[in-house]
Amino acid sequence: MKRLTALAVLPLLAGCLTSAPPSVATWTIAYAPARAASSAVPAEGAPRGSVRIAQVVVRAPYDAKALAVLRPNGSLAFDPYNQFAALPAALLKGAVQDAFLAHGAFRAAVPSASQVATELSAETTVTRLALDCRTPGERRATVALTVLLVKDRVAYASAAGEGSADAADGDYTRAFSEAFSRAVAAALARL
C-alpha cells in the first residue's frame, strides 16, 4: 500500500524536479520621432485642422499578440516566446496619435473617445506587422500601413507607407517602433 501511494504521488512531484519553461518576453510599439524617416517633414503651409484618430485596425493574421514570423519557405509562424504586451491595434492607437501630433500638418490629433469636434478623421489599417526572417542571417521588423483621412464622411485623402528595421539584437520594442515610425511618417508625408 505504501508503495502504491508513493507511485501515485510521484507524478505530482515530477513538475518540481524539471527545469522551468522559458519565460515569454512582451514587447511594445511606440512612435519614435528620432527613428522616423526623413520623409517625416511636415507639409508646407497652414495646418489642415484637427484630426480624430477614429480607428486603428491590424489585419489578420498580424492582429495576434504573438509575433508573426515570415519564414524563408513562404510560411508564417508565430513565436510562442515573444509577444506584444497587448493586441497590436491597442498598442498602435496611441502611437498613431503621437505620429499625427509630431507630423506638424495638423493643429491637433485627438483620440476617438474625445468629445472635441474635428474637421477630419483618420483611419489607419496595418497590413503587415511581422518579423521578416526570409533572408538567411537577417531578422527585420517590418510594418506596412495605409492612412485614410475622412472629411464629412467622405474619403478625403489616402496614402500608404512601409518601414523596416534591423531586429538582430532581439530588442523588438526598438525594432518595431522604428519600423512603425518609418511607415507612418512615409504615409503622412504623402497625404
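All figures in this text were calculated on a predicted structure; none of them were measured in a lab.

Caption draft 1: Region of interest: the pattern of salt bridges. For the structure on display, the rule yields six salt bridges. Linking Asp 132 and Arg 134 is a salt bridge whose minimum nitrogen-to-oxygen distance equals 2.7 Å. Residue Asp 132 is classed as buried on the basis of its relative accessible area, which comes to 15%. You can call Arg 134 partly exposed: its relative accessible area is 45%. Between Glu 178 and Arg 174 there is a salt bridge, with its nearest N and O atoms 3.3 Å apart. Here Glu 178 pairs with Arg 174, and both are found in helix H3 (residues 172-190), just four residues apart, close to one helical turn. We classify Arg 174 as partly exposed; its relative accessible area is 22%. Through salt bridges with shared partners, a single network forms among Asp 169, Arg 174, Glu 178 and Arg 182.

Caption draft 2: Representation of the pairing of strand E3 (residues 66-70) in the model. The buried count for E3 comes to four of five residues, which makes it a mostly enclosed element. Where E3 lies against strand E4 (residues 76-84), five bridges are found, and the strand directions are antiparallel. Bridging across to E4, Ala 66 finds its partner in Gln 83. Here E3 folds back onto E4, and the loop between the two strands holds five residues, one of which, Gly 74, carries a positive phi near 90 degrees. Where E3 and strand E6 (residues 120-132) come together, three bridges link them in parallel fashion. From the neighbouring strand, Leu 70 faces E6, where its bridge partner is Asp 132.

Reading the values: rules and limits
Residues numbered from 1 in each chain as written. Predicted model: local features only at pLDDT ≥ 70, side-chain atom pairs only at ≥ 80, totals over all residues. Heavy atoms only, no water. Salt bridge = Lys/Arg side-chain N within 4 Å of Asp/Glu carboxyl O. Buried < 20%, exposed > 50% of the residue type's maximum accessible area, 1.4 Å probe, protein only. Helix = DSSP H or I, 4+ residues; strand = E, 2+ residues; numbered from the N terminus. Pairing = 2+ DSSP bridges.

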